[in-house]
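# Descriptive analysis of the structure
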Amino acid sequence: MIDFLYSLRLNSDFINEKSPNYKLTSWPPNDDTPITCDKDGNIVSVFKDNIWDFTAYYNKNLKFNFGDKSQKKGYIIDSKNIYLFKIIAAYWLWGAGSVMSVQNLMLKLTKLKPLIYVCSMNNILISDLNNNEWVFESIAAIYTSQNSRVLNLLKSLYANSREIGFVLLDTYSIKKLSKYMDRDDVTQTPYIPSRIWSYQNKRLEECLRDFLNHKDKIKYLFNF
């Protein structure tokens, strides 16, 4: 047992010392390391999976896609960054300050995913982001709210970077990124990078198409 890791502490009636995913035996996790199990102790997701299934701990269908191309739309992330993203997720499950609920884990992962997407789009490993300040403005542009939560996540990741195994952003870089994220900063350039603009246009198009295809049902639901 690695001394900085803990047992799985998700709120669940069936997680116990006999659960295959109760503790990790290596860090970073091996490809076949159990991540989630069902109530009968059957392994549902392993570390190498790019989609982790948390349904058993949530009592509703709940999966997290780390950016695998199978999702077809949304934040598609390259395989090397997905691997590093999963290491962070595993640390949030078994490391210091590990999450107690699946909802909390989903919030953290969802908040961090756009940043990793921007790195992927610019061929930057998140473990090398600290040396690529030129992309900070693009990262700030993709976040539209709750920037303080993102910055707090980054601070926490830096504080635990030795255990995680790599630095995403250090204190100096986090401060620099925060200046771009400050919406009251009059020096911020009102510019959306072309890749982000193209992506947002595509998502808006998809949203409008979905709305038009289901407008009658939406109208019925609203009236109901």
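Criteria and thresholds
- Residues numbered from 1 in each chain as written.
- Predicted model: local features only at pLDDT ≥ 70, side-chain atom pairs only at ≥ 80, totals over all residues.
- Heavy atoms only, no water.
- Salt bridge = Lys/Arg side-chain N within 4 Å of Asp/Glu carboxyl O.
- Helix = DSSP H or I, 4+ residues; strand = E, 2+ residues; numbered from the N terminus.
- Buried < 20%, exposed > 50% of the residue type's maximum accessible area, 1.4 Å probe, protein only.
- pLDDT = per-residue confidence, 0-100.
- Contact = heavy atoms within 4.5 Å.
- Arc of directions from axis to C-beta.
- Polar contact = N/O pair within 3.5 Å; in protein donor to acceptor, adjacent residues only side chain to side chain.
- Pairing = 2+ DSSP bridges.

Looking now at the pattern of salt bridges. Considering all chains together, one arrives at 1 salt bridge under this definition. Among the salt bridges present, the one from Lys 176 reaches Glu 133, with a minimum N-O distance of 2.7 Å. Of the two residues, Lys 176 is situated in helix α6 (residues 171-181) and Glu 133 in the loop between α2 (102-121) and α3 (136-142); the sequence distance between them amounts to 43 residues. Assessed through its relative accessible area of 28%, Lys 176 is described here as partly exposed. Judged by its relative accessible area of 25%, Glu 133 is partly exposed.

We now examine the confidence of the model for the chain. Residues with a pLDDT of 70 or more make up 91% of the chain, whose mean pLDDT is 88. The element-level mean pLDDT for the chain is lowest in helix α7 (residues 194-213), coming to 69, with strand β2 (residues 43-46) highest at 98. Note that residues 184-190 has pLDDT below 50 and, in this model, 6 contacts with residues that lie over four places away or in other chains.

Turning our attention to α6. For α6, every residue scored as buried is listed here: Ser 173, Ile 174, Leu 177 and Met 181. Down the axis of α6, the buried set is contained in an arc of 100°. They therefore lie on one face. Within α6, the exposed residues directed more than 90 degrees away from the buried face are Tyr 172, Lys 175 and Lys 179. On its buried face, α6 is in contact with α3 and α4 (147-159). Backbone nitrogen of Tyr 172 and a side-chain oxygen of the N-cap are separated by 3.3 Å at the start of α6; the cap is Asp 170.

With that out of the way, let us pick up the pairing of β2. Judged from the 3 bridges that link them, strand β1 (residues 34-37) and β2 form a sheet pairing that is antiparallel. Within β2, the residue paired with Thr 36 across the bridge is Ser 45. Joining the antiparallel neighbours β1 and β2 is a turn of 5 residues, in which Gly 41 adopts a positive phi near 85°.

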